[in-house]
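# Remarks on the overall topology
Each chain, letter by letter, is given below.
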Amino acid sequence: MRNILIFFWFFILLSSCSILNADHRVRIDSGWLLGSEENEVLSFKGIPFAASTEGINRWRPPQKKELWRGTRDAQDYGDFCPQSKRDTLWFELGKTSEDCLSLNVWTPKKTSATKLPVMVWIHGGGYLQGSGNIPRLNNPEFVKQDVVLVTINYRLNVFGFFAHPDLVQQSGDEMVGNYGLMDVIAALEWIQGNINQFNGDPNNVTVFGESAGASLISYLMISPQSKDLFHKAISQSSAVGLAPDTRIDKQVGFKISAVDIAKKFTKRMGFESSQGIDQLRELSSSQIIDQLDPSTVFGPMIDGILIPNHVALLLAQGKQHDVPLIIGGNNWEASLGRQIGGGFSPKFISRLVPKKDKDVLYPGLQGEQLEDRVFGDLVILSSARYMANQMKNIDSKTYHYHFSYVASEKTGKQPGAAHSDDIAFVMKTLGVELASVTEKDEEISNLMHNYWVQFARTGDPNVPGQTNWTPYNQDNGSVLEIGDTIILKKNFLNERINYHINRGINFLQSMEKR
């Protein structure tokens, strides 16, 4: 009889850790979902966390998704958010539509825990392109260490960051402009209300992302609207944190206002200022996408509400959320500038630094090697270091890293770890990115993944058997370099990075005085 009771309670324990019916169904706030199983991992794809943004919902905050009857199929990814097929596109663009506010959930089928840490990936792409639906970001192996992975989508380009004068005047109580950031916050709110159905812990959510995704995390860190929606953050190669931000209604230095950006775009489309937002909403998404100009940048803006002020100023005032942070960048971030070119090229960026200063900071370097080093320091690494420095204003710990490992098949073909090379290592998707994956590549991938997941679990990335990662502060300058060897370095690149930080602060202050 005793053995029967033990078996019965053991069965109850296993059942309590299962989120689903036997047919992979789960109920969320808007209805039932049917997922799928792969290698002992359950996935639910294309879950809408908000209503379609077409028609009257275009250029409005995300609206609540209506309930559905029956069971919704969640075995395939949702639509991609509207974007152009630029040369810089790094994935196969599937069907696009404005009904694109969806997310994907990956969770272990069997686990001994009832509440797993949740990791929410925010994709990059310069706010112009990208998706949470691509193979690089979705991998059943990611959750094998008892973690729930969520990959999200948000509105991009003119659909995601647009401040037409009519919107500003007619908004009433609705926020205007930062629709893409509002989408991210709506996804985090959805997670708070539903992730427990997937064995996720709504009180242990980590946001992590790269490039524009990491930049959105910088905005989340200082936005009052995102408070308590996440509990840890990982920022990979963010350019936001030190440079001046665009203001919705006022020019800041060389950055014209978001309203003026909207006016210029509207004029390019042949609309007069007297023609309002209703006419723009009548156009199809493809008609608008066809008019996008690579030189016109749509991105987050200071609106006084969602983004109260420049991120750099708010960080210095201690206005960021008190959550543990991992932050860093790669040693060949200039690959991004070489891809985009023009005013964002390493050659152009390098000219912003006086020659006499470059001679002191970068002795012996010249040509592309010098340009690339200046680009990485000025655009990415100084922003990361500045944000790490300003975390002194809160209690939570910060961990700083520098990624310099080059995959074996790329060795000798590029001068360092390119912008975004780190993603596949973290997500354990090297097989998607590389034709050949070596044991060393796998070793580095496992190491990064272990650090990231352990951080999401506890707020401390340290794992037995791996190099001890000391928290960063300005006194120790402690940075973990993840390269061919894993080394904790003190005062890493301090002279170079501090030079760019000081210039950045002075530049921001001068822009605000104008």
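Bear in mind that the values here come from a model prediction, so they are computed numbers and not experimental data.

### Quick word on the overall build of the protein
Each helix and strand counted, the protein has 17 helices and 18 strands in total. The C-alpha atoms of the protein give 23 Å as radius of gyration, which agrees with the globular expectation for 514 residues (24 Å, within 12%). Its C-alpha atoms give the protein principal-axis dimensions of roughly 85 × 60 × 45 Å. Each of the 514 residues in the protein was classed as buried or not, and the buried ones make up 60%. Long-range contacts, defined here as pairs at least 24 residues apart, represent 75% of the contacts in the protein between residues at least 6 apart.

### Regarding the nonpolar core
One finds Val150, Phe162 and Phe198 to be the most contacted residues of the largest nonpolar core, which totals 103 residues. With 10 residues, helix H4 (residues 179–194) is the single largest residue contributor to this core. When residues no more than four places from it in sequence are discounted, the contact partners of Val150 are Leu103, Asn104, Val105, Val118, Met119, Val120, Trp121, Ile191 and Ile195. The next biggest cluster of nonpolar side chains, apart from the first, holds 42 residues, and it includes Ala417, Val426, Leu447 and Val453.

### Quick word on the state of the cysteines
What the rule picks out here adds up to one disulfide. Covalently, Cys81 is tied to Cys100 through a disulfide, its sulfur atoms 2.2 Å apart. Taking the sign of the S-S torsion, about 95° here, the bridge from Cys81 to Cys100 comes out right-handed. Taken together, the positions of Cys81 in the loop between strand S5 (71–73) and strand S6 (102–108) and Cys100 in the loop between S5 and S6 put the pair 19 residues apart, joining distant regions of the chain. Take Cys81: its relative accessible area is 3%, and that puts it in the buried class. Using a relative accessible area of 1% as the deciding quantity, one classes Cys100 as buried.

### Things to note about the pattern of salt bridges
Taken as a whole and assessed by the stated rule, the structure comprises 17 salt bridges. Asp372 serves as the salt-bridge partner of Arg338, at 2.8 Å between the closest nitrogen and oxygen. With a gap of 34 residues between them, Arg338 in helix H10 (residues 334–340) and Asp372 in helix H13 (residues 367–390) connect regions that are remote in the sequence. According to the relative accessible area criterion, Arg338 is partly exposed, its value standing at 34%. Judged by relative accessible area, which is 12%, Asp372 ranks as buried. Residues Asp357 and Lys356 are paired through a salt bridge, measuring 3.2 Å at the closest nitrogen-oxygen approach. Take Asp357: its relative accessible area is 16%, and that puts it in the buried class. The exposure class of Lys356 is exposed, given its relative accessible area of 59%.

### Observations concerning helix H16 (residues 439–458)
Compared with an ideal rise of 1.5 Å per residue, which puts 20 residues at 28 Å, H16 spans 28 Å between its outermost C-alpha atoms and is within 8% of the ideal. Just downstream of H16, Gly459 is the residue with a positive phi angle, here 90°.

### Observations regarding the sheet that holds strand S2 (residues 31–34)
One open sheet accounts for three strands, arranged S1-S2-S5; its pairing is mixed. This sheet does not close on itself; its edge strands, each paired only once, are strand S1 (25–28) and S5. On average, adjacent strands in this sheet sit at an angle of 35° to one another, irrespective of strand direction. Bridging between S2 and S5 involves three bridges; their strand directions are parallel. The residue of S5 that forms the bridge with Leu33 is Arg72.

### Here we look at the pairing of strand S15 (residues 325–330)
With six of six residues buried, S15 lies mostly within the body of the structure. In the sheet, S15 pairs with strand S16 (residues 398–403) via six bridges, with the strands oriented parallel. Paired with Ile326 across the two strands is Tyr399, which belongs to S16.

Conventions and cut-offs
- Numbering of residues starts from 1 in every chain and runs along the sequence as written.
- The predicted origin of the model limits local features to residues at a pLDDT of at least 70 and limits the giving and counting of side-chain atom pairs to 80 or more, whereas totals for whole chains, interfaces and linings rest on all residues.
- The basis for every side-chain value is the complete set of heavy atoms in the structure, and neither hydrogens nor water enter the calculation.
- Only DSSP runs of H or I reaching four residues or more are called helices, and only runs of E reaching two or more are called strands; each is numbered from the N terminus.
- Only C-alpha atoms enter the radius of gyration; for comparison, a globular chain is expected to reach 2.2 Å times N to the power 0.38, where N is the number of residues.
- We call a residue buried when its accessible area falls under 20% of the maximum for its residue type, exposed when it is over 50%, and partly exposed in between, using a 1.4 Å probe and counting protein chains only.
- Residue contacts follow a heavy-atom distance rule, with two residues in contact if any of their heavy atoms lie within 4.5 Å.
- What is meant by a nonpolar core is a set of buried Ala, Val, Leu, Ile, Met, Phe, Trp, Tyr and Cys residues, joined one to another through side-chain atoms within 4.5 Å.
- Two cysteine sulfur atoms make up a disulfide if the distance between them is within 2.5 Å.
- Salt bridges are defined as contacts in which a side-chain nitrogen from Lys or Arg sits within 4 Å of a carboxyl oxygen from Asp or Glu.
- One less than the residue count of a helix, multiplied by 1.5 Å, gives the span that helix is expected to have.
- Pairing between two strands is assigned when DSSP locates at least 2 bridges connecting them.
- Under this scheme, a helix contributes an axis fitted over its contacting stretch, all axes are lines through C-alpha atoms, and angles between N-to-C directions fall in the 0 to 180 degree range.

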